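Letter by letter, the chains look like this.
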Amino acid sequence: MTSGGGLKLLKTLETEQEVYIRKLVVAISPSGVFLQKISHLVDYVMYTDYREPTFNLPEDLFWWILVTWYQLEMHLCDGQCIRRMLFICDVGVINMTSDGRVKLMKVIDRETVVRVEKMIVAISPTGQFLQTISPFIDSITYGNYHEPTFLVPEGNTITEINFMRATSLRAFIAGSNTGLEILNIQYSELDRLPKALPKLDRLKELNIQYGMLSVLRLDMLMENQNLTTLDLSHNQIRQIFPVTAYPGTMLSIEKLILNGNLLERLDMAVFAPMSKLDFFQVLENRLTQLDASIPTTFAKLSTLNIGDNKIRTVDLRNLTLPSLLSVSFGPNNLKQMPALPKMLPALEYMSLAQNNLTQLDLGYFRQYQKLKYVYIMSNQITAVRTSSPVKLSILWLNLATNKITSFNITGCGLPNMTSLNLRGNRLTVVPPVFARFPKLSVTLDMNPITCDTLLLYKDQIKNDKLYKDRVSPSWACDTTSSFLVGEQIKICCDS
């Protein structure tokens, strides 16, 4: 910044959304006047290694975000904190076998968040250690936990325990507990749900991710009547066992996530005791079939996301889903439209992207009168039709990157539709939709429609009702021909 760097930086900021500077050389300080000069060009600034003893934020400067990241090498008068990272007090190494306990208690008493880089203990950083510090803290996070077991003593009052990495942990043990509400265990050797779960009366959120769980036994959760969130992503779950020991008892789970496991078939009926289920997601498994073996009602389920699997068939006609707002079945291997409940009175969003569908009959959506957003991109669809007259509430219909050669929706009423995306198909004519649907904008980029055909639609192009491979007039086209619409739009097409 002491030579031509200032001008270079300002020019770059005008053209780029994000700029990274490995090293900034300044005459005085990278705050104050420097911030004043760049404030009209940026929304936020991030310092990864700030080395000055002071930071000057001008009074008249309005910032959406000011992030000072990693180490602020400032000697703050805060006693035991050797450094600060945002609002975190870093105390470095704590030796609990000498003066560490006194030192830690003093910092905990004063600070909101305390980070211990390394803790030296005589036996274990659990058990009695937790009992000692629990009166002073609400939550504790272990960045790297190296012990094979973890013990929460009876009556402990800590409300949240997190393990960011616990690669040796094989057992989580707890006495009777009415304090713990959130338990998060990542990268562990746990191969089953902890037997201590029934003792955690107030547990609301349980996350065991990147572990060795191979089965999910719902009986293990029946005594956790306050549990609302269960995330068992990225384990090795192959099988889910239904509730057998507690007939008639309901679970309180509202959010269930089973991403990244080894499930091959999913029967929604197994989750019948989850009467409060609102969000259900199963991504990146090995599912080939999704069904419901017996009539089952999920009165509050609003989001169903079963993507990144290998599902060939979906039959959910046994389900009653009065609150379902959003359903997504892609990517999968569907060759036919999923068999869904006849009545989905709340459904607004449906995605079947990245499947193997070959035909689309818009009459399929007849029963779903609140459906607004339909995404069926990247399939193998060659024809779109309407087998019988129907009126739909769809606003957006995205059929991009299919193989559509025929688009005939005669008899289909779409009075509210504003967006039809047919990008990347094989259409040679513009669908006759503009007279019937005056609100509609159509995208036809990357379709083999000739210039002569497109010239008939100059008004629609000019009024942003039709988009077809448009560029700035000064740009070259990679097609054999082109034409201008007004002075600002150039359409690339073949002759």
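Residues numbered from 1 in each chain as written. Predicted model: local features only at pLDDT ≥ 70, side-chain atom pairs only at ≥ 80, totals over all residues. Heavy atoms only, no water.

J.: Just checking my understanding: could you explain the side chain of asparagine 398 for this structure?
T.: As for its position among the elements, asparagine 398 is in strand S29 (residues 396-398). Given a relative accessible area of 14%, asparagine 398 falls into the buried group. A distance of 3.1 Å separates a polar atom in the side chain of asparagine 398 from the backbone nitrogen of alanine 400. In contact with asparagine 398, other than residues within four places in its own chain, are Val374, Tyr375, Ile376, Met377 and Asn421. (Helix = DSSP H or I, 4+ residues; strand = E, 2+ residues; numbered from the N terminus. Buried < 20%, exposed > 50% of the residue type's maximum accessible area, 1.4 Å probe, protein only. Polar contact = N/O pair within 3.5 Å; in protein donor to acceptor, adjacent residues only side chain to side chain. Contact = heavy atoms within 4.5 Å.)

J.: Any chance you could explain the nonpolar core here in plain terms?
T.: Judged by nonpolar contacts, the single largest core of 123 residues is most densely connected at Met268, Phe271, Phe280 and Phe329. Sort the elements by how many residues they give to this core and helix H3 (residues 100-110) lands first, with four residues. Not counting chain neighbours up to four residues away, the residues in contact with phenylalanine 280 comprise Leu256, Leu258, Leu266, Met268, Phe271, Leu301, Thr303, Leu304, Asn305 and Ile306. (Core = buried A, V, L, I, M, F, W, Y, C linked by side-chain atoms within 4.5 Å.)

J.: Quick question: what am I supposed to make of the sheet that holds strand S30 (residues 406-407) here?
T.: Across a sheet, strands are paired by hydrogen bonds formed along the backbone, either parallel or antiparallel in direction. Reading across the sheet, the three strands line up as S25-S27-S30 and stay open at both edges, with parallel pairing between neighbours. For this open sheet the edge positions go to strand S25 (359-361) and S30, each flanked by a neighbour on one side alone. Across two bridges, the pairing between strand S27 (residues 383-385) and S30 is parallel. The residue of S30 that forms the bridge with valine 384 is phenylalanine 407. (Pairing = 2+ DSSP bridges.)

J.: Help me understand the pattern of salt bridges in this model?
T.: Summed over all chains, the structure comprises seven salt bridges. Of the charged contacts in the structure, one is a salt bridge between glutamate 181 and lysine 204, with a shortest N-O distance of 3.9 Å. Note that glutamate 181 is positioned in the loop between strand S9 (171-174) and strand S10 (182-186) and lysine 204 in the loop between S10 and strand S11 (205-209), a separation of 23 residues in sequence. The partner of arginine 192 in a salt bridge is aspartate 191, and the shortest N-O contact between them spans 3.2 Å. (Salt bridge = Lys/Arg side-chain N within 4 Å of Asp/Glu carboxyl O.)

J.: What should I look at first to understand a nonpolar patch on the surface in this one?
T.: A cluster of nonpolar residues, Val19, Ile21 and Leu24, forms a patch on the protein surface that exposes about 200 Å² of accessible area. Inspection of the secondary structure assignment puts valine 19 in the loop between helix H1 (5-15) and helix H2 (33-38). (Patch = residues over 30% accessible without salt bridge, like charges linked within 9 Å, V, L, I, M, F, W, Y side chains within 5 Å. Areas by Shrake-Rupley, 256 points an atom, 1.4 Å probe, with all protein chains shown as cover.)

J.: Hey, could you run me through the pairing of strand S5 (residues 113-120) in this one?
T.: In summary, the side chains of a regular strand alternate between the two faces of the sheet. Bridge count for strand S4 (residues 88-95) against S5 is seven bridges, and the pairing is parallel. Across the sheet, the residue bridging to glycine 92 is valine 116, located in S5. One crossover worth recording links S4 to the parallel S5 by way of H3, and it is right-handed. (Right-handed = clockwise from strand over helix to strand, strands pointing away.)

J.: When you look at the state of the cysteines in this model, what are you seeing that I'm missing?
T.: Working definition of a disulfide: a covalent bond connecting the sulfur atoms of two cysteines. As enumerated under the stated definition, the model contains three disulfides in all. The disulfide partner of cysteine 477 is cysteine 492, and the gap between their sulfur atoms is 1.9 Å. With the S-S dihedral at roughly -70°, the linkage between cysteine 477 and cysteine 492 falls on the left-handed side. Linking cysteine 477 in the loop between strand S35 (470-471) and strand S36 (481-485) with cysteine 492 in strand S37 (residues 489-493), this pair joins segments that are 15 residues apart in sequence. Cysteine 492 gets classed as buried once you look at its relative accessible area, which sits at 6%. (Disulfide = S-S within 2.5 Å.)

J.: Quick question: what am I supposed to make of the confidence of the model for the protein here?
T.: Low-pLDDT stretches of the model should not have their predicted coordinates read in fine detail. Summing up the model confidence of the protein, the mean pLDDT is 89 and the portion of residues at 70 or higher is 90%. Below a pLDDT of 50 lies the segment residues 62-79, which in the model reaches 43 contacts outside its immediate sequence neighbourhood of four places, other chains included. (pLDDT = per-residue confidence, 0-100.)

J.: Would you mind showing me how to read the packing of aromatic side chains here?
T.: For any pair of aromatic rings, the description consists of the separation of the ring centres together with the inter-plane angle of the planes. On inspection of all chains with the given rule, the structure shows 14 aromatic pairs. Between phenylalanine 150 and phenylalanine 163, the aromatic rings sit 4.8 Å apart at their centres with planes inclined by 90°, giving edge-to-face as the arrangement. With phenylalanine 150 in strand S7 (residues 149-152) and phenylalanine 163 in strand S8 (residues 160-163), this residue pair connects regions lying 13 residues apart in the sequence. Residues phenylalanine 150 and phenylalanine 172 carry aromatic rings whose centres are separated by 5.7 Å and whose planes lie at 10° to one another, so their mutual orientation is stacked. In this pair, phenylalanine 150 sits in strand S7 while phenylalanine 172 sits in strand S9, placing the two residues 22 residues apart along the sequence. By the ring-pair criterion, three or more aromatic residues cluster together here, those being Tyr142, Tyr145, Phe150, Phe163 and Phe172. Arginine 217 extends its terminal NZ or CZ atom over the ring of phenylalanine 241, reaching a point 4.5 Å from the ring centre. One cation-aromatic arrangement involves lysine 255 over phenylalanine 279; the distance from NZ or CZ to the ring centre is 5.6 Å. (Phe/Tyr/Trp six-rings, centres within 6.5 Å; stacked < 30°, edge-to-face > 60°. Lys NZ or Arg CZ within 6 Å of the ring centre and 35° of its normal.)

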